[in-house]
Amino acid sequence: MRIDDNSIKVNRTTCIACGICVDRCIMDNLRLSVAPCRQACPLDMNCQGYIRLLALGKEEQALEQVREFGPLLGVIARECEAPCESACTRRRRDGAVHILKLKQYLAQAYAGQLRAIAVPGTPSGRNVAVLGADIAAMACALRALQAGHTVTVFTDQEGRHEDVADALEAAGAVFRAEADLDPAAHDAVVLAGPGHGSRLGLDVAPGAVDAVSHQVEDKVFCADSGRARKGVAYAIAEAFETMCSVDRFFDGVPFAWGRDRYAQGGRVKECRVDERVGSNEPRSPDTDPGSVFDAATARRQASRCFGCGRAFERNKTCWYCLPCELECPQQALEVRIPYLVR
Amino acid sequence: MNIRRMETDILIIGGGSAGCMAAIRAKELAPGTGVCIWEKGDFKYCGSIARGMDALNIVCIPDLSDPDMYLEAVQAGCKGVVDARPSYVMAQRSYELLKKLERWGVRFIRDKAGNYRTLQYHVKGRFQTAMDEPNLKLILDRKVEEGNVAIVNRVMALSLLKDGDRIAGAIGMNTRTGELIVTRAKAVLVCAGGQARFNLPASGYMHGTFDFPGNSGDGYIMALDAGAALTGMEFCSRTNLIKDASIPLLAITVTRGGRVVDCFDQVLMENAVNRTDKMNKAVDEQRGPLRIKLQHLPEEMVKEIEDILFTCERPVQQRFFRNRGVDFRTHDIELWPTEVQLCGGHGMSGVRVDANAWSGIPGLYAAGDVACVPKQHLSGAFVFGEVAAENAVEYCGTAPDPAIDDAAVKAVADRHAALADSGDRDIDVREFEYKVRRIIGDYVPSPKNAYKLNRWLEWSKVFKVELENGVRIEDGHDLARLYEVQHIIRCADCSAMAALAREESRWGDAHHRVDFPETDDANWLKHVIVRTGDQREHLNVSTAPILGLNEDPYNAN
Ligand SMILES: Cc1cc2nc3c(=O)[nH]c(=O)nc-3n(C[C@H](O)[C@H](O)[C@H](O)COP(=O)(O)OP(=O)(O)OC[C@H]3O[C@@H](n4cnc5c(N)ncnc54)[C@H](O)[C@@H]3O)c2cc1C
Ligand code: SF4
Ligand code: SF4
């Protein structure tokens, strides 16, 4: 008997480790080996994906990989401390890939497209209130818009991210004064930080917010369980997770088994990223910190990526039914009929 | 262990053909009803219709056929062992179903005059209606999505929960992380398919089955444990399909002029798939392997056949034939008997339901391959998905909220923890499944005799001990796999017990007792019913009469 035959062939050059095939497999046959950069990213951003696509000269497709971040990408590219670069496998060889700069390149070259937030054709019919003016509030509003909800942001402060706020407004978000908030008029109320609880007469203790559900009261959620204060990427990540919980709350599924309703597990983490991020070794050979990549430099830099992550067959339960192959955006995966059947 | 909990009105177990249809119908009737689907795989493509379908096997098109004709056909096909009402209701609703699917964008093939293309697939009558819809599941997925249904993916239901006599919900596990989930529901619809992983396919590859291998009989066993009756478990269905690949193509090739021949090139069937009995007989008499010949067909016809086969249902056969160097213009297609499956849709094994898809237990409904509406195929899965939803919605309207039995949840959780903590156990769960299925193949399917069936029941005891104490578990996937094997073993128990009881032979290869070779209509024109009980392997076997058009198995009060 031979049961460890390989039925799924993944092309290591073109696979962008997006994990779509893993999520769609109906027999739980596949797993995604997650690249270290993605493991380190609080946002679970598929760095390898857009880098590989940049290297292949497919800039439009690279943009697709980060489009869900919309106008936030610019903020992340400017302010993130880039744990991805610390985790990069190339760091110990000849310096990490300049992931942050590649992100900056995309954010700048496609700023116009990223500002245009795509909202679904059919509205969800739900009405969400967001309290706050900082990046977490912006991120919550962005996610709510993308889910088709009606969004009102209540704030009295001048936000730091006017460009993001403008993009949200253009996509349909309404900004109003805090005093106008009437919780009864909304299906969910999201506090961008614990402090905003006082507006509802709630005493939300910063440490008391559940890190998974982010729910503090029946329909009240708080996007900061403490992690958010570690940096911009963490704040946005918590905001996204919170909105995921809000959607599950609307669906009647009061727990989160993953960011996406489809993706629960299916990830394999093969290297110890914590050690890499914690180490003091220099990240990358010195480049001019202020410099900006042009298209050619970006492509050259991107082609340094080893492509550490990829999908693979783990469970040998394939029915060779083909959805994985059909859904792969890169035609990187080929379903072979198992040897015993071939 | 932390158990995830949620509540809903209707819980649907299995998001395939029947499950999707049920969810859509429930939301259509009562948009405010909470509907949740648990799907073992991933909802977008899951189940038997992953890459679409090429025919709706039972449709009574007005002026061409009617439910009475269908009833006659299915009674002949089942050698009399079929309750009339459910099959009749399905036939009655089938044309309306086709029209509905067509409105949703499902493509049915029509000729220039606008008539549907019908094919002969039954002993008599042209009920099979050709469709060509690779994206059938995606169309359903979109419809479910529009209805605001809560879909929880990668959840395998493990057992149903009850509150007294009625259903109260279910307990399941995440197939990747192993976490448990409990959902309280007023009504539960079991739509978890049949049992595709019974014995081993001839190729030896455990998942190279004809039916969707994610269906491992979970639905049968859950319903059984909840007190429902199973019937037809002795019907071990087997067909003749592409050798090694177990992929269907008879209907598409033969109805377009293909010929099925035996080893002497004697033609068994041509133009219509109406004599599968002749095929089985030829195989029995060692006149196999059977082959399909297409060489005599004009190029356009071969092309049309290829276009359908290579895009829809199981498009993988394109690479299968390429690999083997088979070109329909020059080569025959070799057929071989498939592995055995228990299935209420192709065969006749499943939860005994009435024409309301009701199992007899308040709040518990079953639809699709898990329910015995013999040979209902996709038509039945769709129709009874709808029927189950209609009755569940009505039931939810009056039923109070059930209570969750915490002791039952704890019992499942404790055992779950014990199985997961496998210490130094050393049997690989894949090997365990391989051996179980090899042994099932040796003893349970035809040709059957009392000695063999009893031998299986002895093996079964051994496997059950090994299952609890011997199998190594590394992650959630392994654990889910172990539960699947448990269900495979218990389905084989049901099949063996039912086969021991039915002391006659019926349905050709599906139930051939060497020690009782004759068909005995005087004594055995009835159902063999399996329930939980105190006979061997905690089962009880009894018989029940076959019901006519005006009779129902369960008293609705
Ligand atoms: C290859 C093939 C070709 C066919 N061709 C035709 C045809 O041409 N015409 C026709 O009329 N019929 C055809 N059929 C039959 C028809 O497709 C089936 O009868 C029908 O799809 C059954 O629907 P179902 O909902 O019962 O099962 P499925 O659609 O298989 O769905 C069952 C679902 O339940 C899920 N599940 C299983 N166990 C659990 C659990 N424990 N917890 C949660 N979820 C679970 C599974 O993952 C699966 O998604 C064909 C079948 C196959 C396999
Ligand atoms: S094989 Fe395709 S779908 Fe799968 S991870 Fe790679 S690129 Fe994504
Ligand atoms: S062919 Fe089907 S079972 Fe195999 S990996 Fe792809 S989706 Fe999964």
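Here the structure is a predicted model, which is why all the values come from computation and not from measurement.

Some thoughts on empty space enclosed by the protein
So, point 1. Tallied over the full model, the rule gives 10 cavities of 30 Å³ or more.
So, point 2. Taken as a whole, the largest cavity spans an internal volume of roughly 170 Å³.
So, point 3. Met27(A), Asp28(A), Lys40(B), His477(B) and Glu484(B) are, among the 16 residues lining the largest cavity, the residues nearest its centre.
So, point 4. Considering only residue class, the lining of the largest cavity consists of 4 nonpolar, 6 polar and 6 charged.
So, point 5. The calculated volume of the second largest cavity comes to roughly 130 Å³.

Some thoughts on the domain arrangement of chain A
Residues and elements named next belong to chain A.
So, point 1. We note that the domain assignment places domain 1 (8-115 + 280-335) and domain 2 (120-260) within chain A.
So, point 2. Opposite the 15 residues of domain 1 that make contact, domain 2 presents 19 residues.
So, point 3. A buried area of about 1,500 Å², summed over both sides, lies between domain 1 and domain 2, and 66% of it is on carbon and sulfur atoms.
So, point 4. At the junction of domain 1 with domain 2, the criterion picks out 2 salt bridges.

Thoughts on the side chain of Glu386(B)
All names here are of chain B.
So, point 1. Following the sequence through the fold, Glu386 ends up in helix α10 (residues 377-398).
So, point 2. Judged by relative accessible area, which is 7%, Glu386 ranks as buried.
So, point 3. Excluding anything up to four places from it in sequence, Glu386 contacts Met21, Arg25, Arg93 and Lys100.

Some words on the site of ligand 3
So, point 1. The environment of ligand 3 is formed by 14 residues, the closest being Cys25(A), Cys318(A), Cys321(A), Leu322(A) and Cys324(A).
So, point 2. For the shell around ligand 3, the per-class residue count stands at 13 nonpolar, 1 polar and no charged.

Quick look at the state of the cysteines
So, point 1. Throughout the structure, instances matching the rule amount to 0 disulfides over all chains.
So, point 2. Cys78(B) takes part in no disulfide bond, and the closest cysteine sulfur, belonging to Cys372(B), lies 7.8 Å away.

Overview of the pattern of salt bridges
Residues and elements named next belong to chain B.
So, point 1. A full pass over the atoms with the stated rule returns 74 salt bridges over all chains.
So, point 2. As a salt-bridge pair, Lys40 and Asp218 come within 3.0 Å of each other at their nearest N and O atoms. Here Asp218 lies in helix α5 (residues 218-225) and Lys40 lies in the loop between β2 (35-38) and β3 (53-56), a separation of 178 residues in the sequence. Side by side, Lys40 and Asp218 carry an identical accessibility label, which is buried.
So, point 3. For Lys143, the salt bridge is made with Glu146, and the minimal N-O distance between the two is 3.8 Å. Note that Lys143 and Glu146 are positioned in helix α4 (residues 136-146) at a spacing of 3 residues, about one turn of the helix.

With respect to helix α2 (residues 67-77) of chain B
The α-helix winds at 3.6 residues per turn, so residues separated by three or four positions along the chain end up facing the same way.
All names here are of chain B.
So, point 1. Every buried residue belonging to α2 is among Pro67, Tyr70, Leu71, Ala73 and Val74, and all of these are buried. On an axial view of α2, the arc spanned by its buried residues comes to 165°, and they lie on one face.
So, point 2. Of the surrounding secondary structure, the elements contacted by the buried residues of α2 are α3 (84-103).
So, point 3. Its side-chain oxygen at 3.1 Å from the backbone nitrogen of Asp68, Asp66 defines the N-terminal cap of α2.
So, point 4. One or two residues past the end of α2 sits Lys79, with phi positive at roughly 50°.

Regarding the site of ligand 1
Residue and element names in this part refer to chain B.
So, point 1. Near ligand 1 lie 36 residues; those nearest to it are Ser17, Glu39, Ser48, Asp218 and Asp369.
So, point 2. Between Gly47 and ligand 1, the recorded distance is 3.3 Å, taken from a backbone N or O atom to an oxygen atom.
So, point 3. Asp218 is positioned with one of its side-chain polar atoms (N or O) 2.7 Å from a nitrogen atom of ligand 1.
So, point 4. Protein contacts shield 98% of the accessible area of ligand 1, which totals 1,000 Å² for the unbound molecule.
So, point 5. Put simply, the parts of the chain that give the shell around ligand 1 at least two residues each are α1 (17-29), β3, β7 (155-163) and α10.
So, point 6. Residue composition of the shell around ligand 1, grouped by class: 17 nonpolar, 12 polar and 7 charged.

As for unusual backbone geometry
So, point 1. In the segment running from Gly288(B) into Pro289(B), the intervening peptide bond is cis, with an omega of -5°.
So, point 2. Within the secondary structure layout, Pro289(B) lies in the loop between α7 (276-284) and β14 (291-293).
So, point 3. Following Ser446(B), the chain continues to Pro447(B) via a peptide bond in cis, the omega torsion being -5°.
So, point 4. By secondary structure assignment, the location of Pro447(B) is in the loop between α12 (429-443) and α13 (450-469).
So, point 5. Its identity as a non-glycine residue notwithstanding, Gln331(A) has a phi of 45°, on the positive side.
So, point 6. Here Gln331(A) lies in the loop between α15 (323-327) and β11 (333-335).

Re the sheet that holds strand β20 (residues 526-532) of chain B
Residues and elements named next belong to chain B.
So, point 1. With antiparallel pairing, 4 strands are arranged side by side in an open sheet as β16-β10-β20-β21. Of all strands in the sheet, those bounded by a partner on one side alone are β16 (350-351) and β21 (539-545).
So, point 2. In the packing of α5 onto the sheet, the strands contacted are β10 (230-231), β16, β20 and β21, and the crossing angle to β20 comes to about 75°.
So, point 3. The sheet strands contacting helix α14 (residues 476-501) are β10, β20 and β21, and the helix crosses β21 at an angle near 50°.

Some thoughts on the pairing of strand β8 (residues 166-174) of chain B
The side chains of a regular strand alternate, first on one face of the sheet and then on the other.
All names here are of chain B.
So, point 1. In terms of burial, β8 is largely enclosed, as 9 of its 9 residues are buried.
So, point 2. In this structure, β7 lies alongside β8, joined through 8 bridges in antiparallel fashion. Within β8, the position partnered with Leu161 by the bridge is Gly169.
So, point 3. Connecting β7 to the next strand, β8, in antiparallel fashion are 2 residues, including Gly164 with a positive phi near 65°.
So, point 4. Here β8 pairs with strand β9 (residues 180-190) via 5 bridges, running antiparallel. Within β9, the position partnered with Ile171 by the bridge is Val182.
So, point 5. A loop of 5 residues connects β8 with β9, the two strands running antiparallel in sequence, and Gly178 in this loop sits at a positive phi of about 85°.

The rules behind these values
Residues numbered from 1 in each chain as written. Chains lettered and ligands numbered in written order. Predicted model: local features only at pLDDT ≥ 70, side-chain atom pairs only at ≥ 80, totals over all residues. Heavy atoms only, no water. 1 Å grid on protein atoms, 1.4 Å probe; cavity = no way out; pocket = protein on both sides within 12 Å on 5 of 7 lines; lining within 4 Å. Points joined across faces, edges and corners; volume = space filled by probe spheres on them. Nonpolar A, V, L, I, M, F, W, Y, C, P; charged D, E, K, R; others polar. Domains from an automatic or database assignment. Contact = heavy atoms within 4.5 Å. Buried area = accessible area lost by both parts, 1.4 Å probe. Salt bridge = Lys/Arg side-chain N within 4 Å of Asp/Glu carboxyl O. Helix = DSSP H or I, 4+ residues; strand = E, 2+ residues; numbered from the N terminus. Buried < 20%, exposed > 50% of the residue type's maximum accessible area, 1.4 Å probe, protein only. Near = heavy atom within 4 Å. Disulfide = S-S within 2.5 Å. Arc of directions from axis to C-beta. Polar contact = N/O pair within 3.5 Å; in protein donor to acceptor, adjacent residues only side chain to side chain. Areas by Shrake-Rupley, 256 points an atom, 1.4 Å probe, with all protein chains shown as cover. Pairing = 2+ DSSP bridges. Axes fitted to C-alpha atoms, helices over the stretch in contact; angles between N-to-C directions.

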